[in-house]
Amino acid sequence: MKKHFAESELIINNDGSVFHLHVKPSQLADKVILVGDPGRVNLVASHFTDKECDIQSREFHTVTGTYKEKRITVLSTGIGCDNIDIVMNELDALANIDFNTRSENDTHRCLQIVRIGTCGGLQPYTPEGTFICSETSIGFDGLLNFYAGRNDVCDLELEKALINHLGWIGNQCQPHPYVIDADREMVDRIAKDDMVRGITIACGGFFGPQGRELRIPLADPRQNQKIESFEYQGRRITNFEMESSALAGLAKLMGHKAVTTCMVIANRRAGKANTGYKNQIDDLINIVLDRI
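Residues numbered from 1 in each chain as written. Predicted model: local features only at pLDDT ≥ 70, side-chain atom pairs only at ≥ 80, totals over all residues. Heavy atoms only, no water.

**Examining the overall build of the protein chain**
Within the protein chain one finds 8 helices and 14 strands. For 292 residues, the compact-globule formula gives about 19 Å, and the C-alpha radius of gyration of the protein chain, at 19 Å, lands near that figure. For the protein chain, the residues scored as buried account for 54% of the 292 residues in total. The long-range share in the protein chain, meaning contacts at least 24 apart out of those at least 6 apart in sequence, stands at 76%. Taking the 32 positively charged and 39 negatively charged side chains of the protein chain as two groups, their mean positions are separated by 4 Å. (Helix = DSSP H or I, 4+ residues; strand = E, 2+ residues; numbered from the N terminus. Rg over C-alpha atoms; globule rule 2.2 N^0.38 Å. Buried < 20%, exposed > 50% of the residue type's maximum accessible area, 1.4 Å probe, protein only. Contact = heavy atoms within 4.5 Å. Lys, Arg positive; Asp, Glu negative; His and termini not counted. Charge placed at Lys NZ, Arg CZ, Asp CG, Glu CD.)

This is the structure in structure tokens:
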């Protein structure tokens, strides 16, 4: 028997669009590019030869169009894994739920999703301007822990090693981190041999969770040093950002293919940041458009 989704669980607007995104099922392409900044949607879409739709709702800006005969949807998510939870669930609903009957479609539709973002580099080999493809993401946000099946898709041994290294064993104040690998085929296709393939930590905030201290002291002033020194099977943590773990984890649980790419705009070890990065991000956009 097919699962039925009540109005309170899947909210559909009067025009037949999904609640937050205001996108209709027919407006979603199989290839999806996610960006954080709503303004960056127009930058990606400026490369399209045509546009089918241009929809704005809150921080969610969506354009579906064509690039080199590929139908692509570009969508802004805003900041954070909580917004990724909204976007991924509504994208999956658009792809795999019949909005008329409120039941799952007979055939599963697999989306190919690439996030283009910015991040902070944590190693000497990830200076400003580096393109990083997150082949593994560590969620400090706790989001995937609310979904059944998280242990089946996560790297539990890496989780244990990191918790031990950080000294979080028995600490009830810290969210249990989850470790998730991005889709291997997507990583190989998008990263090729000109991106750093890294382990990315997705944090639940920009300041304290990423070790930035302003007026409030940090619970663990040595957290970033511990993260930078962590090594697992010859691999190190390369960067901080705020979305990759939820994207990779939810995509795997839903049966989609997803990966995050970022340009380093600040190197935390060097204490340097490039606020004029917006001119360079178009280089990463072009790479993703060609390889998605």
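**Describing helix α4 (residues 156–166)**
By the burial criterion, the buried members of α4 are Leu 158, Glu 159, Leu 162, Ile 163 and Leu 166. Projected onto a plane normal to the axis of α4, the buried residues spread over an arc of 130° and lie on a single side. Along α4, the residues that are exposed and aim more than 90 degrees away from the buried face are Lys 160 and Asn 164. Elements in contact with the buried residues of α4: β8 (131–139), α3 (150–153), β9 (178–181), α6 (223–229), β11 (231–232) and β12 (235–241). Sitting at the amino-terminal end of α4 is Asp 155, which places a side-chain oxygen 3.3 Å from the backbone nitrogen of Glu 157. (Arc of directions from axis to C-beta. Polar contact = N/O pair within 3.5 Å; in protein donor to acceptor, adjacent residues only side chain to side chain.)

**Here's the deal with the pattern of salt bridges**
What the rule picks out here adds up to 18 salt bridges. Note that Arg 235 is salt-bridged to Glu 135, the shortest N-O span being 3.3 Å. Taken together, the residues span a long stretch of sequence, with Arg 235 in strand β12 and Glu 135 in strand β8 at a distance of 100 residues. We classify Arg 235 as partly exposed; its relative accessible area is 26%. Relative accessible area serves as the criterion here: at 12%, Glu 135 is assigned to the buried category. A salt bridge links Glu 185 to Lys 257, with the nearest nitrogen and oxygen atoms 2.7 Å apart. With Glu 185 in helix α5 (residues 184–191) and Lys 257 in strand β13 (residues 257–267), this residue pair connects regions lying 72 residues apart in the sequence. Residue Glu 185 is classed as partly exposed on the basis of its relative accessible area, which comes to 35%. Within the structure, one salt-bridge network assembled from shared partners comprises Glu 135, Arg 184, Asp 188, Arg 197 and Arg 235. (Salt bridge = Lys/Arg side-chain N within 4 Å of Asp/Glu carboxyl O.)

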